[in-house]
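Examination of the molecular architecture
Each chain, letter by letter, is given below.
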Amino acid sequence: MDHPLQLLANGLVVGAIYSLVAVGLSLVFGVMRVINIAHGDFAMLGAYVAFFAWDWLGLSPLVSLLPAMAILFLFGAGLQRLVIERVVGRPLLASLMLTFGLSLIIWNSSQVAFTTKLRGISYLTEPVTFLGVTMSQSYIVGFVLALILTGALFAFLKFTAPGKAIRATSQNQDVALACGIDVRRARTLAFGIGAALAAAAGTLISMTGFIYPYMGFEYLAKTFTIVVLGGLGSVAGALVAAFAYGLLESFGTAMLSPRIAPALPFVLLIAIMIFRPSGLFGTSVADR
Amino acid sequence: MCSRKYVPSNDTGLTRRNFIKTTGVVAIGTAIAGHIPTIFAQQKKPLRIGASISLTGKYARSGEEQHKGYMLWAKHVNELGHSYGKADLPNSGEPGLLGRPVELIVLDDRSDPTTGVRLYNELIHSRQVDLLLGPYSSAVTNAVAPIIENAQIPTPNPMASSTAIWEGRNLQWQVQVQPPGSRRLPGLTQVAMEHGDEKIAIIYEDSEFPRNAAKALRARAKEDGLQIVLDTAYPVKITDWTPIVQQVMNSGATVLAGGGYLPDAIGITRATRSLGYQPNILSLLVGVALPDYRDTLGKAALTVTGDADWTPNVNYPGAQKYVEAYRSEYGGVPEYHSAGGYGAAQILEEAVRRAGTVDDFEKIRDIMFELKTTTVFNLYEVAPLDSPDSGLQLAANRVMLQVQEADGKLENAVVYPDEAANAQWIYPFQ
Amino acid sequence: MMQAPVFEARAVTKSFASLRAVDDCSFAVEKGAIVGLIGPNGAGKTTLFDIASGATRLDSGQIVFRGEDISALKPHQRALKGLGRTFQLTRVFPKMTLMENMFVASPGDHRLHERAREYLELVNLVDRRHEYASDLSYGQQKLLELARILMLDPELILLDEPAAGVNPTLLKSLLAFIHELRDTWGKTFLIIEHNMNLVMGHCDKVVVMSAGSVIAEGSGEEIQANEEVLEAYFGKSTHPLGRAGHGA
Ligand SMILES: Nc1ncnc2c1ncn2[C@@H]1O[C@H](COP(=O)(O)OP(=O)(O)OP(=O)(O)O)[C@@H](O)[C@H]1O
Ligand SMILES: [Mg+2]
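Description of the structure in this document. None of the values given here were measured: they were computed from a predicted structure.

1. Regarding the overall build of chain C
- In terms of regular secondary structure, chain C is built from 9 helices and 10 strands.
- Whereas a compact globule of 248 residues would reach a radius of gyration of roughly 18 Å, chain C reaches 18 Å, a difference of no more than 12%.
- Considering only intrachain contacts with a sequence separation of at least 6, the fraction spanning at least 24 residues in chain C is 66%.
- By element, 50% of the accessible surface of chain C is carried by carbon and sulfur atoms, the whole surface being about 10,700 Å².

What follows is the structure, encoded as C-alpha cells:
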C-alpha cells in the first residue's frame, strides 16, 4: 500500500464532513423517532447560502459558515414546529412520507430557484504538504471546522441544560416530561441544530467539492448508512461510523478497487447487523 | 413483427390563404393560451413527437439542456416552418412539419434507464405519439433501443456517444447524431507522444458512456505506444475522487485522462489540485466543455483539457442564429446538449420533409439512413442500413478544448485539431 | 387538624375506546398526608396518575393542584409547578450518570449541585454518582427516580408501586426516606401499592379504586372493614388483608 498516511488523511477529511450530516440525522431520530429524509437537503441549502454569499457578496465560506448555520437553524426549527411536530409519536411510515414529501418540495424548488447548474467555491485551493501528506488548504480547514463543530455539539449535549434536555428527551420522553422538560422545545432545538450542522457540512462541501440541488439525497444515502452503522439515535455512534465510512472509502479505493470500495460500508453494516443488531453503539439512544 | 404504427392521415392541406384567414383567431388564441400549438388548433391535428429525457437525477443538468434544444426546434418549426439552416428543404416554409403543428410530449426518466424503457413504452403504446426523439445519455439510449426497434419508429438519438449501442447490432430504426465516443479527447495521445510522455493513467466512471470512451482511449494509447500504468473504473455514486487521483499519482503517470460527466471533471480536478499532483496533461471527458466547470473551479481549471462535440463559436449553417435564439429564449449560452437536441430533431425534420409524409415510417427511415447533411450541431452521415454497424455516426467531429485565461477571463480555447484551433495547446498542465 | 387538600381529582373520566379506564373519579389528598391508592389490577390507578401528571389527557373532569385547575397544562408544566411522579416500571436515563439524571430535573440551575449530592446521599447512592444509571440494580433505580423527582422540589409526589421489585432492606430505607420527606419537608405523597402491609402501616388515608371508580375512602381500619372492598378484590369469600404480610 502506497502512502498510508495520505489515505488516512483523505479518509478522515471526508469522514469529518459526513459526520456533520450524520450526527444531526441521528440526533433528530433519537429525540423524535423521525427519519428525516430532508436532512440532506439542509446541507444543500446551507451550501447554496454559502455559495451566494460568496458569489454576490464575496464572503469567504469561513465567514458565511455561521450565517448559513443560523439561517438553516431557523429554517429547521420552524419546519419542525409547523410540520414535523405533527408526526411525532406517529408510526414511522407517517414521518417517512412527510419528510420524503418535504425533501421533494425542497429540492424541486431549489432546482427551480438555483437551476441544476453545478456550482462550487474556489477558495483556499492551494495544496500544502505536511508529513508527506498533501492536501488543499480548503480540505484541512474543512476538517478542522468539522471537528470543532462536532466537538461543540458534544460539549453542548454534555454540559448545558438544553443539551441535557435533548439527551433526556431522546432517552425517555415521558420521564423527561415528568422531570419538567419541555420536550417539544427540545425537539425543535434538536431539529434546528441538526439542520445547522448539515448546513455547515454543505458550506464545507461547496469549498471542497461541488454542489447541486440534488446533492442532498446523495449525502442522505451515505449518512443514513452511517447512522444505522452507528446505531440509530446514537450521536457518538454516528461520529465513529462517519469516520469509519470515510476511511473505508479511502483505503478501499486504493487497496481493493474503486468499484468495491462503496460496498465496504454495507459489508460492515451486514456484519454489524449480525453481531450487534443495534449498531456500533448499542442502545438506540443519544448518549454521553 | 410488432405493431407497425401507421397513423391514418388526416392531411386536409393547409393553404396559405386558409392560414391567413385564420390568423385573427390565431392572435386571440395565442393571447389566451399563450403557446404555439393553438395557432393550428382549428387547422390540423398536431404532430405529437415523444421523448423521455432526464429532467431530474444525475443527468438533470444536461437533460434539461437537451430538452431546451428540442423545444427551440419545435418552436422554430411551428413559427417559421423550418429550423435554422433548413429553410431550403422540400415542404418547408409552412408553419409546422408538413403543415402539422409540432407538439412535444416529453417525460422525465429521472436519469434511470429502466424508467426510460417504461416511458418509451408508454409513449408508443398508451400515448400513441406520431414520432419519437431519443433520450439523454448512452445508458438510457441503450436501454431503450430494443423498444424502438420493436415499435419500428425512425428515431434520431442526440446524446448517445457510445458506439457499442450500434456496433455489430445492425439497428434498423435509430441513428446516432453525436460524434461517437471513440473519437473522444482528440489529439490527446498524439500531443503526449510529441512531448515524450510515456505513462498514461485512465480512470473513468463505471457507466455506459465513460466505459466506452475509456475503451477507445485505451486502444488509441496502445496504438500510439503509450504505457497504460493505471486503468481503473470507479462507481457512479462517489462524491470524493481524492483516493483515486492518489492512486494515479502513485502510478507515476504523466498523463491523466478520463472521468465521466461534469461532477467527475470537477471532482477529479479538485482532487488533483488538492493533492498537488502535476501531470503534463490532465484531460477530462464532458465537464471541461461546460461553463459550470470554469465557474465552479475558477483558476483551478486552468490548462485542463477536454473536448466538445460542439462549441458556441462553430460555423455550421444556422449555428450562430441558433446561439442567438437560445440566448433570447433562455438567456445564456447554449451547451452542446441543447445543440445536439436541436440537431437531432433537425435530422428527423429533414427526413420527414424529404419523405413528404409523417406516416410512412419505412420511407422516413430509409432517408434518415442515407442522408448526408449538416445541422447546427455537426456533420451527419451514418453507416448504411445493410452494414453491421448501421446507424453509427461516421461524419461528426469533436474538438479539443483547453481552459485558458484571456483578458483576465477563463475561456475554452480550441487547441486541436490544428485546422480548428484558435490557440496553442499549453503544455505541460500547470 | 383538617388540612386544605393539595390535590383533588374532580369527576375525572377517561375512556380508551369502549373501555372506561377511569370513571367519574373524585377524591382529595390533604397537604402533608401519605395517601394510599389501591385497587385490583386494571382498576385504573396508573391511568389516574397519568391524567394527574398530564401524560394522558382526560375526557372530562378536573385535576386541581394547590387550588388551581391544571387540567389544561402540559406534563412538564405540571412538573415544574411541583407535581412529581415516578413510573410503575422504573424509568431512569440509562446513558446518563446519576448526577446527570439529577440535573435533568433541574434544568439550568447548577447551584443545585449540593442538593443533588444531598439527595443521592439520602438514598445511599452518592458514592456512585458518576456511574451510569444503567449500572444500578432495579431497586436502586427506583431510589434514583425518587431522588431525581426531589430536584423539582415537588409539593406532591405520586409514586406508582414503589415497593415492587425492591428487596426488604432497600424497602425499609425507602419507607424511612418517605417519612423523613413528609415529616421534615412537609411533602405530600399519593402512593399506588399492592403491598397491603405497607399501605396499612404507612398511609394516613386509603383510596380504593375498582373498575375505574372510587369505591371507598378512609383510614386503613375503615377500608379493612368495608364490604365493597372485599367484594372488589375477591368476591365475597376472602379478605385482601388475609394476604397481608406476604405482600408483593
Ligand atoms: N393507553 C391505553 N390504551 C388502552 N387501554 C389502556 C391504556 N392504558 C390503560 N389501559 C387500560 O385501562 C385499564 C386501567 O389500566 P391501569 O394501568 O390504569 O390499571 P392499574 O390500576 O394501574 O393496574 P395495575 O395495578 O395492574 O397497575 C386497563 O384495563 C388497561 O388495560
Ligand atoms: Mg398500574
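This is not the end of the story, as more comes after the structure.
2. A look at the site of ligand 1
Residue and element names in this part refer to chain C.
- Surrounding ligand 1, one finds 13 residues, the nearest of these being Asn41, Gly42, Lys45, Thr46 and Thr47.
- Within the contact set of ligand 1, an oxygen atom lies 3.1 Å away from a backbone nitrogen or oxygen of Ala43.
- Here ligand 1 loses 61% of its free accessible area of 630 Å² to cover by the protein chains.
- Elements with a contribution of two residues or more to the shell around ligand 1: β2 (19-30) and α1 (45-53).
- Its residues placed into classes, the shell around ligand 1 shows 4 nonpolar, 7 polar and 2 charged.

3. Things to note about the coordination of the magnesium ion (ligand 2)
Residues and elements named next belong to chain C.
- At 1.9 to 2.3 Å from the magnesium ion (ligand 2) lie its protein donor atoms, namely Thr46 (OG1) and Gln88 (OE1). Separated by 42 residues along the polypeptide, Thr46 in helix α1 and Gln88 in the loop between β6 (83-85) and α3 (98-104) bring together distant segments of the chain.
- Since its relative accessible area comes to 33%, Gln88 is described here as partly exposed.

4. Structural notes on the pattern of salt bridges
- Scanning the entire structure with this criterion turns up 42 salt bridges over all chains.
- The residue Arg127(B) makes a salt bridge to Glu122(B) at a minimum N-O spacing of 3.0 Å.
- Residues Arg211(B) and Asp206(B) are paired through a salt bridge, measuring 2.6 Å at the closest nitrogen-oxygen approach.
- Residue Arg211(B) is classed as partly exposed on the basis of its relative accessible area of 36%.
- By relative accessible area, Asp206(B) is classed as buried at 18%.
- Each of the salt bridges in this network shares a partner with another, and the network as a whole consists of Lys117(A), Arg61(B), Asp292(B), Asp295(B) and Glu335(B).

5. Digging into a negative patch on the surface
Residue and element names in this part refer to chain C.
- Together, Glu114, Glu118, Glu121 and Asp127 make up a region of like negative charge exposed at the surface.
- Here Asp127 is to be found in the loop between α4 (113-122) and α5 (138-150).
- When its relative accessible area of 72% is taken as the criterion, Asp127 is described as exposed.

6. Thoughts on the interface of chain B and chain A
- Taken together, the contacts link 38 residues of chain B with 39 residues of chain A.
- Where chain B abuts chain A, roughly 3,000 Å² becomes buried across the two surfaces, and 54% of that area is made up of carbon and sulfur atoms.
- Of all residues in chain B, Thr239(B), Arg270(B) and Ser274(B) give up the largest surface area on contact with chain A, accounting jointly for 21% of the area buried on that side.
- Across the contact surface, chain B and chain A share 3 salt bridges.
- Taking the shortest distance from any N to any O, the salt bridge between Lys117(A) and Asp292(B) comes out at 2.8 Å.
- Only α3 (60-80), β7 (227-234), α8 (242-251), α9 (262-275) and α10 (291-297) of chain B provide two or more residues apiece to the side of chain B that touches chain A.

7. What about the interface of chain A and chain C?
- At the junction of the two partners, chain A supplies 22 residues and chain C supplies 22 residues.
- Regarding the contact of chain A and chain C, the summed buried area is about 2,000 Å², with carbon and sulfur atoms giving 64% of it.
- Three residues stand out in chain A for area buried against chain C, namely Lys164(A), Gln171(A) and Cys179(A), and they jointly supply 26% of the buried area on that side.
- Connecting chain A to chain C are 3 salt bridges.
- Here Glu100(C) ties to Arg167(A) by a salt bridge, and the two come within 3.1 Å at their closest N and O atoms.
- Secondary-structure elements contributing two or more residues to the side of chain A that touches chain C are α5 (137-159), α6 (161-171) and α7 (173-178) of chain A.
- Across the side of chain A that touches chain C, the residue classes break down as 11 nonpolar, 4 polar and 7 charged.

Reading guide: rules and limits
- Residues numbered from 1 in each chain as written.
- Chains lettered and ligands numbered in written order.
- Predicted model: local features only at pLDDT ≥ 70, side-chain atom pairs only at ≥ 80, totals over all residues.
- Heavy atoms only, no water.
- Helix = DSSP H or I, 4+ residues; strand = E, 2+ residues; numbered from the N terminus.
- Rg over C-alpha atoms; globule rule 2.2 N^0.38 Å.
- Contact = heavy atoms within 4.5 Å.
- Areas by Shrake-Rupley, 256 points an atom, 1.4 Å probe, with all protein chains shown as cover.
- Near = heavy atom within 4 Å.
- Polar contact = N/O pair within 3.5 Å; in protein donor to acceptor, adjacent residues only side chain to side chain.
- Nonpolar A, V, L, I, M, F, W, Y, C, P; charged D, E, K, R; others polar.
- Donors = N, O, S within 2.8 Å, 3.2 Å for Na, K, Ca; no water.
- Buried < 20%, exposed > 50% of the residue type's maximum accessible area, 1.4 Å probe, protein only.
- Salt bridge = Lys/Arg side-chain N within 4 Å of Asp/Glu carboxyl O.
- Patch = residues over 30% accessible without salt bridge, like charges linked within 9 Å, V, L, I, M, F, W, Y side chains within 5 Å.
- Lys, Arg positive; Asp, Glu negative; His and termini not counted.
- Charge placed at Lys NZ, Arg CZ, Asp CG, Glu CD.
- Buried area = accessible area lost by both parts, 1.4 Å probe.

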